[in-house]
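Fold and geometry: a report
Letter by letter, the chains look like this.
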Amino acid sequence: MPGKIGLLYKEMGGDVRVFGKPEKEHFLACLRTLGLPADRVCHVGDSLHHDILGANSASVANIFVTSGIHRNDLKTEFGVLPPKEDLDDLVEKEGIVPTHVVSAFRL
């Protein structure tokens, strides 16, 4: 999914090449750079559409952080896991299933 400038350029007939989340190749390039197989890596992110979808496409385990950009959709606050039914509803609506879920990371 290109950014706004990429979309405008594409609408003008330009050739746009996308490299980044959620593209599978982005995740595969990271694995190559790390020198690790997908089953030894876990991607952490707060976006179902960018982080979780991309990691799933490359068969990389993932951790969905619920207190990020989907916090309002999940009716939760930082550091508080949403009710399971709210999480299930969002996952069903978006059709993107994380492998793991946490509310937040803290130091």
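Above this text is the structure in question.
So, here is what we can say about the structure in this document.

Criteria and cut-off values
In this numbering scheme, every chain counts its residues from 1 along its sequence in written order. For a predicted model such as this one, the threshold for reporting local features is a pLDDT of at least 70, and the threshold for listing and counting side-chain atom pairs is 80 or more; totals across whole chains, interfaces and linings nevertheless cover every residue. Side-chain numbers come from the whole structure's heavy atoms, not from hydrogens or water. Helix and strand assignments follow DSSP, with helices taken as H or I runs no shorter than four residues and strands as E runs no shorter than two, numbered in order from the N terminus. Here a polar contact means two N or O atoms within 3.5 Å. Within protein one must be a hydrogen donor candidate and the other an acceptor candidate, and residues neighboring in sequence count only if both atoms are side-chain atoms. Residue contacts are defined here by distance: any two heavy atoms, one from each residue, within 4.5 Å place the two residues in contact. Here the rule is simple: two strands pair whenever DSSP picks up at least two bridges between them. Orientation is described by lines fitted to C-alpha atoms, with helices fitted over the stretch in contact, and by angles between N-to-C directions that extend from 0 to 180 degrees.

The next thing to look at is the side chain of H70. Note on placement: H70 falls in the loop between β2 (61-65) and α4 (84-94). Of note is the side chain of H70, whose polar atom sits 3.2 Å from the backbone nitrogen of L48. In this structure H70 touches D46, S47, L48, H49, F64 and L90, once residues within four positions along its chain are discounted.

Quick look at the sheet that holds strand β1 (residues 42-45) now. Strand order in the open sheet made by the three strands is β1-β2-β3, with parallel pairing throughout. On the outer flanks of this sheet lie β1 and β3 (100-102), each paired with one strand and no other. The average angle at which neighbouring strand axes cross in this sheet is 20°, direction not considered. By the bridge criterion, four bridges tie β1 to β2 in an arrangement that is parallel. Each bridged residue has a counterpart across the sheet, and for V44 the counterpart in β2 is I63. Its contacts with the sheet put helix α3 (residues 48-57) on β1 and β2, and the angle it makes with β2 is roughly 165°.

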